[in-house]
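Residue strings, one per chain:
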Amino acid sequence: MNIDLSILNNSEKIIFELRSLYSKYGYKPFKMSKFEEYDLYGSNKDFLVSGNCITFTDSDGRLLALKPDVTFSIIKNLDDTAGGVQKVYYNENVYRVTKKAGGFSEIMQTGIECMGDIGADEVNEVLTLAARSLYAISSEYVLDISHMGILSGLFNAMALSESNKAELLAAVSEKNKGAILSLCASYGVGEALSNKLVEILDACGKPSEALKRLGALVVNAEMQSAYNELTAVCDKLIASGYEKNINIDCSVVNDMSYYNGIVFKGFIHGVPTGVLSGGRYDRLMERVNKKAGAIGFAVYLDEVERLLGGDGEDEANKADEFLNVALPKGRLGEKVYAMFEKAGFECPQIHEKNRRLIFENAEKKVRYFWVKPSDVAIYVERGAADIGVAGKDILLEYSPDVYELLDLDMGKCRMCVAGKKDFTDDGTNTLRVATKFENIAKSYYADKCRDIDIIKLNGSIEIAPILGLSDVIVDIVETGATLLENGLEPKETIVNISARLISNKAGYKFKSELIDKLTQALSTIVREQN
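These remarks concern the structure in this document. (Residues numbered from 1 in each chain as written. Predicted model: local features only at pLDDT ≥ 70, side-chain atom pairs only at ≥ 80, totals over all residues. Heavy atoms only, no water.)

A few words now on the overall build of the protein. Check the secondary structure of the protein and you find 20 helices and 22 strands. Against the 2.2 N^0.38 benchmark of 24 Å for 530 residues, the protein shows a C-alpha radius of gyration of 25 Å, consistent with a compact globule. Within the span of the protein, comprising 530 residues, buried residues form 50% of the whole. Restricting to contacts in the protein with at least 6 residues of sequence separation, those with at least 24 account for 69%. (Helix = DSSP H or I, 4+ residues; strand = E, 2+ residues; numbered from the N terminus. Rg over C-alpha atoms; globule rule 2.2 N^0.38 Å. Buried < 20%, exposed > 50% of the residue type's maximum accessible area, 1.4 Å probe, protein only. Contact = heavy atoms within 4.5 Å.)

The nonpolar side chains of soluble globular proteins are, as a tendency, buried together. Within the largest apolar cluster, 100 residues are counted, with the highest numbers of intra-cluster contacts made by Y22, L143, L197, F264 and F297. Sort the elements by how many residues they give to this core and helix 4 (residues 120–137) lands first, with nine residues. (Core = buried A, V, L, I, M, F, W, Y, C linked by side-chain atoms within 4.5 Å.)

With that settled, consider the sheet that holds strand 14 (residues 366–371). As summarised here, the arrangement of the six strands in space is 13-14-12-15-22-16, forming an open sheet in which the pairing is mixed. Taken across any chain shown, the strands that pair with only one partner, and hence form the sheet edges, are strand 13 (358–361) and strand 16 (402–407). Strand-to-strand twist across the sheet, computed as the mean angle between neighbouring axes with direction ignored, equals 25°. On top of the sheet, helix 20 (residues 505–529) reaches strand 12 (323–328), strand 15 (387–391), strand 16 and strand 22 (499–504); it is set at about 10° to strand 16, its chief contact. (Pairing = 2+ DSSP bridges. Axes fitted to C-alpha atoms, helices over the stretch in contact; angles between N-to-C directions.)

Close contact between helix 5 (residues 148–157) and helix 10 (residues 221–239) brings their axes to 8 Å; oriented N to C, the two are set at 170°. In this view, helix 5 runs roughly antiparallel relative to helix 10, as classed from their interaxial angle. Taken together, the residues of helix 10 that come into contact with helix 5 (itself represented by G149, I150, S152, G153, L154 and N156) are E222, M223, A226 and Y227. (Parallel < 35°, antiparallel > 145°, perpendicular 65-115°, else oblique.)

Attention shifts here to the packing of aromatic side chains. Under the defined criterion, the tally for this structure stands at 10 aromatic pairs. For the pair F264 and F297, a centre-to-centre distance of 6.3 Å together with 70° between the ring planes defines the contact as edge-to-face. One end of the pair, F264, is in strand 9 (residues 262–268); the other, F297, is in strand 11 (residues 293–300), with 33 residues separating them in the sequence. Residue F264 is classed as buried on the basis of its relative accessible area of 1%. Measuring from ring centre to ring centre gives 6.0 Å for F340 and Y368, while their planes differ by 75°; the resulting arrangement is edge-to-face. (Phe/Tyr/Trp six-rings, centres within 6.5 Å; stacked < 30°, edge-to-face > 60°.)

Let us look at the sheet that holds strand 4 (residues 63–66). Taken in spatial order, the three strands make up an open sheet running 2-4-3, and their pairing is antiparallel. Two strands close off the open sheet at either side, each with one partner strand: strand 2 (35–37) and strand 3 (54–57). Strand-to-strand, the axes of this sheet are offset by a mean angle of 35°, without reference to chain direction. Where strand 2 meets strand 4, three bridges bridge the pair, whose relative direction is antiparallel.

Scanning all chains against the criterion turns up 26 salt bridges. When the shortest N-O distance is used, the salt bridge between K511 and D386 registers 2.6 Å. Of this pair, K511 sits in helix 20 while D386 is found in the loop between helix 15 (376–381) and strand 15, placing the two residues 125 residues apart along the sequence. The class for K511 is buried, based on a relative accessible area of 10%. (Salt bridge = Lys/Arg side-chain N within 4 Å of Asp/Glu carboxyl O.)

Right, let's talk about helix 4 for a bit. With 18 residues, helix 4 extends 26 Å from end C-alpha to end C-alpha; this agrees with the ideal 26 Å at 1.5 Å per step. By the criterion of burial, helix 4 is predominantly enclosed, with 14 of the 18 residues buried. (Expected span 1.5 Å × (residues − 1).)

Its location among the elements puts S240 in the loop between helix 10 and strand 8 (246–248). For S240, a relative accessible area of 48% gives the class partly exposed. Linking S240 and G190, residues 50 residues apart in sequence, is a C-alpha distance of 41 Å.

What follows deals with the environment of L63. Here L63 shows up in strand 4. As for L63 and N247, which are separated by 184 residues in sequence, their C-alpha atoms are 43 Å apart. Apart from the residues lying within four places of it in its own chain, the contact partners of L63 are E37, Y38, T55, F56 and T57.

Spelled out as structure tokens, the structure:
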């Protein structure tokens, strides 16, 4: 049968190409129902990208879920008594909550799963297919590779609890060195091991250099075994001609309850988020009582729709000539720019008296633009800016998927609970809390197991308890003078706030040299100012 490829759009052509690629490697197509029994997902919600499922009761009374994940369905149908290796590929839609939609979305996924007696050959094959899958979309791609055993081994050397590991893993995924050191100190971890974790985070980049640095940081047999496997995998990929497109990056992590070996993530130039994600998940197989190893990945073609539309790549190439920086409007932004200027990233245009919002220095290849402080993280997360400066309050409230590279030690204040001087929370009634920081307030009181009634306000928060609208407020406090003048006082400090340098995760992969140069220069300035 002859197929006229001209009638296919770019996404369809890539799906067709990937199916052909996977078939050549012996992978068989796997087709599944849109529905599964909810129990399949209910006991392993933390494995899912989104823990929420669309559920309904079938005519026979069974609770079903509209499929939020492909991997579980494939595992369910695995015959783990057959021996050998079973290899499947799929092209399916899944239904899960996404941040972009603010609710449930239908997401197109293409990918592979390799299950059974998994050895080095199978791991190398899957990584090769991951690289070739990215190349099918664009020749400008990066495949970040890590090994969960590196961090797991170090965490075990630190004697951390499972909850501590999860907290530290989250900080690692953000490249948040300040949080890493703070958490380690709170856990009683010694300075030597804490610094090793930061050094592991810094040991990223091309395998030839990154592996040397990682090798010097190994402290036990678990880390050594992981390092050896990571080195062998990279050697194979380099021998196959992929050195230009692969990086070592230990901030690429997954849940340690499920993943136990090589993990990886793929990025395409011009796309603001990862488009491929995968890893080895033997621990998940154990949890569902399957006696087999497993490794696989998914390609999220929805994320590359604009790029495949024809104009996106040209726009991205143009934008890539510059380091795009989102600065918060106001006094803080002016202070931040002064630091950038001192760091060697000056832009004389920004001092001109005009109403322009975007300023460029073609020689330095840097572009600045002023945005509302609360919007900086959105510009960075969505890829309109490569880096930006946002307050820690914004990062905690909205949880953008960005790297938090540096605490600039400016714009310092506190997120506090405040109320009337004579008010005491005795815990007998639901606490009424007025705030514009809903998520911070909810999280804080959830940790205290306190029942609250959130009252969302957008301004003049201080008058809420004065007028009897609320018992307390959760808000930013600098000097406390406004509270004092209105008969209020801080009751509890939730968290200290300051300005943070953040980076788009995908943009960092393609501009890491420039971003790291700026970050190091700013770090030096911060130290000198202190």
